[in-house]
Each structure stands twice: as C-alpha cells, then as structure tokens.
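A closer look at the structure
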Amino acid sequence: MAGARRKLLLMGRSGSGKSSMRSIIFSNYSAFDTRRLGATIDVEHSHLRFLGNMTLNLWDCGGQDAYMDHYFSTQRDNIFRMVEALIFVFDVESKELRKDIETFVLCLRNLYEFSPTAKIFALVHKMDLVIVEKRQDVYRALMKSLEDTSAMFSFQVQGFATTIWDESLYKAWSSIVCTLIPNVTVFQKHLQTFADISEADEVILFEKTTFLVISHVTNAPSPSFRSDSTRFEKISNIIKQYKQSCNKLRAQFQSLSLRGSDFTAYLDTMTANTMIMVIMSNKTDSRGSTDLLGNSEINGDSDDSFASEAENNIILANIKIARKMFEKIEMMNPDAR
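Residues numbered from 1 in each chain as written. Predicted model: local features only at pLDDT ≥ 70, side-chain atom pairs only at ≥ 80, totals over all residues. Heavy atoms only, no water.

Observations regarding unusual backbone geometry
In the Ramachandran plot, Ser-154 falls in the positive-phi region, its phi being about 65° despite a non-glycine side chain. Checked against the element boundaries, Ser-154 lands in the loop between α5 (135-151) and β6 (157-161). In this structure, Glu-199 takes a positive phi of about 55° despite not being glycine. Given the relative accessible area of 31%, Glu-199 is considered partly exposed. (Helix = DSSP H or I, 4+ residues; strand = E, 2+ residues; numbered from the N terminus. Buried < 20%, exposed > 50% of the residue type's maximum accessible area, 1.4 Å probe, protein only.)

Spelled out as structure tokens, the structure:
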C-alpha cells in the first residue's frame, strides 16, 4: 500500500522565521544553530517520513517579493494545488503587517480555488520580542483580523503564538501534525488502554525524530505536573536537546528513567517511529501495577529499591507487549478504521 503524502505549505514574508522553525523541528537544529541559516531560495522541498505510513511533503516557500509574485502568478497551480495545510508565519515585529496580511489573503484566495479543503494555521512568531504584559493583546488583535479574513473564503484559521526560544514551537507543530494523522483516534484509544492497565498517571506518545506529541492520556497527573499545561512540549524540547548532546558525544539515546519525590518517569522506544513516556506516582501503599498479560506485582515492600525495580520491570514489559499493536496502528489503512 502506498504511503499517504501530506503537502504542507510553509509561507510568510522573508525573515519571519520559517526556515528556523523548520530546522529546529525537523532537522535537529538548536535555536542558536539557526543563526547560520541563510534566506530560502525559491521553494525548498523536504520529504519527511512521519510514522510508518505517512510522508510530510513540506514546501518552504521563500518570502522575498520576487518569489511571492511568481507564486501568485505563473506558479499558482503548482504551489496551491493538492495542499493539505497552509502554515503562514507572521513576524510579530514586522514593519509591513498590512502587506503581510495582504499576502495571507492571496494565499487564501488561491487555496479556495485549488485546495478548498486545506487546513489553515497562523503562527504569530517571535513573541519573545514583545513585552510579557502586551503579548496576549498583540496576539488576539492579529488573530481577530485573520479570523475575519479567513471566514470570507470559508476557511477557519487556527492560531499559535510562537518563539524558537521555548516550547511554544513544539506545541504549535504538534497540534498541526496531529490534524494530519489519519489514525490519531486509534492511537488515543489504545494509549488509554495502556495507561489504565499500567495504572499510569499520564502516558505520552512522541514521534521519534521530531519528538512532536502524537497523543497523550491523563488519568491522574502528578502534583508536580498538574499546574503546567505545556508540560508535554517542555518535555519534547528538553529531550530533543538531550539527544543533540548525545549525538555530539557520538552516543545513541535509547531510553531513560527519572525518579522524583512523588513520581517516576519512564521513556522508551514504542515502535521504530515513536517513543513513549509513562508517568507513575510513587506509591506508598501495597497496591501494585498489572502487566498487559494480567500478572500483578506488589509494590508495598519495605525495600523501596525493590519496589522501584519491580515497577520498572512491569512498565517495560507492558511497553514490549503493546509494541506490536502500535506498529499495526502506524501502518493501518485509514479507510479500514
């Protein structure tokens, strides 16, 4: 069966930060590394394998005026046909915001003609340059204008406030990519089953290369996490940076476990294309976890290290047992759901 291809247009005026975010998410650049990137020449194509049966065909379109003129004239059919999603990047400090919005309108007009079912995303970028007290007002004002404009062409626009310097970039791109995964509800269903059987507080499924969040389940989040709504994206950012450090030392990152005062986190490979993180409360009673085959193990031993090792073995066993099912979901024909 041929894999599904998803054409994504990454557009915006020159200097808005398109190539920087693409390089951070898909090419393992750090925010500091993006300083050496030059301007995009015409259109740069990236074919990115995402999960087992889906390819993201990312078109990074240079934002210089000369290229823009071609996109909306001689290249209209080539650029705007068969588009799954438009990601339009706005530089929040642009001196030509009206012109940026006019360019966005031209994109919508052409998508309405060539790809009327395309999803529309607006990234209000470089928000770190706006003082904290004004960020929400600036973001909402621009999004109100974009929402009104999009409605004229029967599109709904979803917006994100982003910067390359924190987890907001991962949150935006995780949300975007999840709308393109045909089997995301199936992932969610089986992840919930895994969490229930393992008695996990939270379970998060990441794409292995980008570390974007594919799906997550929250049963009873640990107090340390409960107040942080961006915890998954922060984990993405931290693990991605850790992997980069490992690569610089020519070491391979495979798995890890972290034990805090009230929770333990396990991160391991689920499939060839995904990794799973399991968050468990540190138990103080005699309850035990159950593996996917129905075997129980008591965690109430007075030896904390023994209890910790027992729980660790059960979680790793559950991941191993669930692996084949998640591999099947990756390759599933979306029409067969």
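On we go.
Let's talk about the pattern of salt bridges
A complete count under the given rule lists 11 salt bridges for this structure. With a shortest N-O distance of 3.1 Å, Asp-60 and Arg-22 are connected by a salt bridge. Of the two residues, Asp-60 is situated in strand β3 (residues 54-61) and Arg-22 in helix α1 (residues 18-26); the sequence distance between them amounts to 38 residues. When sorted by exposure, Asp-60 lands in the same class as Arg-22, which is buried. Lys-99 is the partner of Asp-65 in a salt bridge, and the nearest nitrogen-oxygen pair spans 3.2 Å. Remark: Lys-99 occurs in helix α4 (residues 97-114) and Asp-65 occurs in helix α2 (residues 65-71); sequence separation between them is 34 residues. In this structure, a network of salt bridges that share partners links the residues Arg-13, Asp-65, Lys-99 and Asp-100. (Salt bridge = Lys/Arg side-chain N within 4 Å of Asp/Glu carboxyl O.)

Section: the pairing of strand β11 (residues 274-281)
Burial analysis of β11 places 7 of its 8 residues in the buried class, the great majority of the element. Two strands pair when backbone bridges link them, and strand β7 (residues 202-207) and β11 are joined in this way by 6 bridges, in the antiparallel orientation. Residue pairing across strands places Ile-204 opposite Met-277, the latter belonging to β11. The antiparallel hairpin formed by strand β10 (residues 263-271) and β11 contains 2 residues in its connecting segment. (Pairing = 2+ DSSP bridges.)

Considerations on the packing of α1 against helix α6 (residues 168-178)
Contact geometry of α1 with α6 gives a least axis separation of 11 Å together with a crossing angle of 80°. Judged by the angle between their axes, α1 and α6 are roughly perpendicular. Where α1 abuts α6, its residues Met-21, Ile-24, Ile-25 and Phe-26 lie against Leu-169, Tyr-170 and Trp-173. (Axes fitted to C-alpha atoms, helices over the stretch in contact; angles between N-to-C directions. Parallel < 35°, antiparallel > 145°, perpendicular 65-115°, else oblique. Contact = heavy atoms within 4.5 Å.)

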